[in-house]
Amino acid sequence: MSFKLDRRLEQDSSFVAEIGISQVRLSHDSRYPWLLVIPQINECFELDELSFNQQIDVMKASNIISKVLKDCFSPDKLNIACLGNIVKQLHIHHVARFEYDAVWPGPIWGQGVSVPYVDNARETQLVLLRDSIANLI
């Protein structure tokens, strides 16, 4: 059975790369450098539902994505979280945060309105992220 990505994740993000068993996607909200790590396991909702080896693989992907965000954007802080209150499919948010962003130091979830990338900005981000990932794996 092939992997089925939740339609909301698919609509709200763009494919960046695969790292191990995980798909990495860029959120379409341009307010923050925001990546998702999504284990490509159907009907998986929580980290503890993964096998031990799958958990290690996902954590390796998470560490790589954390380094990518630090290298590419030099954030003041990384926010990493599994929420899943709206989209239950397991996905781990990795958000680069800055002291100057609109909701600092508060959480980004539920704050303001998503701002889409304009012109070629999303493609530029995707190239930057893919190159950075390629240099780390």
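Before reading on, note that the structure itself is shown above.
Throughout this document, residue positions are counted from 1 along each chain, in the order its sequence is written. Reporting of local features is limited, given that this is a predicted model, to residues whose pLDDT is at least 70; pairs of side-chain atoms are given and counted only at 80 or more, and all residues count toward the totals for whole chains, interfaces and linings. Excluded from the side-chain calculations are hydrogens and water; all other atoms, namely the structure's heavy atoms, are used.

Draft legend 1. Local environment of the side chain of Arg97. Within the secondary structure, Arg97 sits in strand 5 (residues 92-97). Only protein chains enter the area calculation, which uses a 1.4 Å probe; residues under 20% of their type maximum are buried, those over 50% are exposed, and those in between are partly exposed. Residue Arg97 is classed as buried on the basis of its relative accessible area, which comes to 1%. In the analysis that follows, any N or O atom pair within 3.5 Å is treated as a polar contact, provided that within protein one partner can donate a hydrogen and the other can accept it, and provided that, for residues neighboring in sequence, both atoms belong to side chains. A distance of 3.0 Å separates a polar atom in the side chain of Arg97 from a polar atom in the side chain of Asn79. The criterion used for residue contact is that any of the two residues' heavy atoms lie within 4.5 Å. Once residues within four sequence positions are removed from consideration, Arg97 is found in contact with Tyr32, Pro75, Asp76, Lys77, Asn79, Val103, Trp104, Pro105, Gly106, Pro107 and Ile108. A helix here means a DSSP run of H or I that spans at least four residues, while a strand means a run of E at least two residues long, and both kinds are numbered starting from the N terminus.

Draft legend 2. Layout of the packing of aromatic side chains. Between rings of Phe, Tyr and Trp, where Trp is taken as its six-membered ring, a pair exists when centres lie within 6.5 Å; planes separated by under 30 degrees are stacked, by over 60 edge-to-face, and by other angles tilted. On inspection of all chains with the given rule, the structure shows 3 aromatic pairs. Ring geometry for Trp34 and Trp109: centres 6.3 Å apart, planes at 85°, overall edge-to-face. Residue Trp34 is found in strand 3 (residues 34-39), and its partner Trp109 is found in the loop between strand 5 and helix 3 (121-136); the two are separated by 75 residues along the sequence. Considering the side-chain rings of Phe98 and Tyr100, the 5.2 Å spacing of their centres and the 20° angle between planes classify their relative orientation as stacked. Since its relative accessible area comes to 9%, Phe98 is described here as buried. An aromatic cluster of at least three residues, connected via ring pairs, comprises Tyr32, Trp34 and Trp109.

Draft legend 3. Main features of the sheet that holds strand 4 (residues 77-81). Strands are treated as partners if at least two bridges between them are detected by DSSP. Strand order across the open sheet formed by 5 strands is 1-2-3-5-4, with antiparallel pairing between neighbours. Of all the strands in the sheet, just strand 1 (13-19) and strand 4 have a single pairing partner and so form its edges. Across this sheet, the average inter-strand angle for adjacent strands is 20°, counted without regard to direction. The sheet contact formed by strand 2 (residues 22-27) and strand 3 spans 5 bridges and is antiparallel. Axis definition: a line fitted to C-alpha atoms, limited for helices to the stretch in contact. Angles are taken between N-to-C directions and run from 0 to 180 degrees.

Draft legend 4. Geometry of the packing of helix 2 (residues 52-73) against helix 3. As a packed pair, helix 2 and helix 3 sit with axes 10 Å apart at the nearest point and diverge in direction by 125°. Of the possible angle classes, the one that applies to helix 2 and helix 3 is oblique. Relative to helix 3, the crossing made by helix 2 is right-handed. Here helix 2 contributes Ile64, Ile65, Lys67, Val68, Cys72 and Phe73 to the contact with helix 3, which in turn contributes Gln125, Leu128, Leu129, Ser132, Ile133 and Leu136. Lys, Arg, Asp and Glu make up the charged group, whereas Ala, Val, Leu, Ile, Met, Phe, Trp, Tyr, Cys and Pro make up the nonpolar group; the residues left over, Gly among them, are polar. Looking at the contact of helix 2 with helix 3 residue by residue, the class counts come to 9 nonpolar, 2 polar and 1 charged. The cut-offs work like this: below 35 degrees is roughly parallel, past 145 is roughly antiparallel, 65 to 115 is roughly perpendicular, and the gaps in between are oblique. Each crossing gets its handedness from the near helix: less than a right angle anticlockwise from the far helix is left-handed, clockwise is right-handed.

Draft legend 5. Layout of the nonpolar core. Grouped together as the largest cluster of nonpolar side chains are 25 residues, with contacts concentrated most on Val16, Leu35 and Ile65. Elements with a contribution of two residues or more to this core: strand 1, strand 2, strand 3, helix 2, strand 5 and helix 3. Among the elements that make up this core, the one with the highest residue count is helix 2 (7 residues). Each residue touching Leu35, except ones within four places of it in the same chain, is listed here: Val16, Val24, Arg25, Leu26, Ile65, Leu69, Ile92, His93, His94 and Leu129. Here, the term nonpolar core denotes a set of buried Ala, Val, Leu, Ile, Met, Phe, Trp, Tyr and Cys residues that are joined through side-chain atoms within 4.5 Å.

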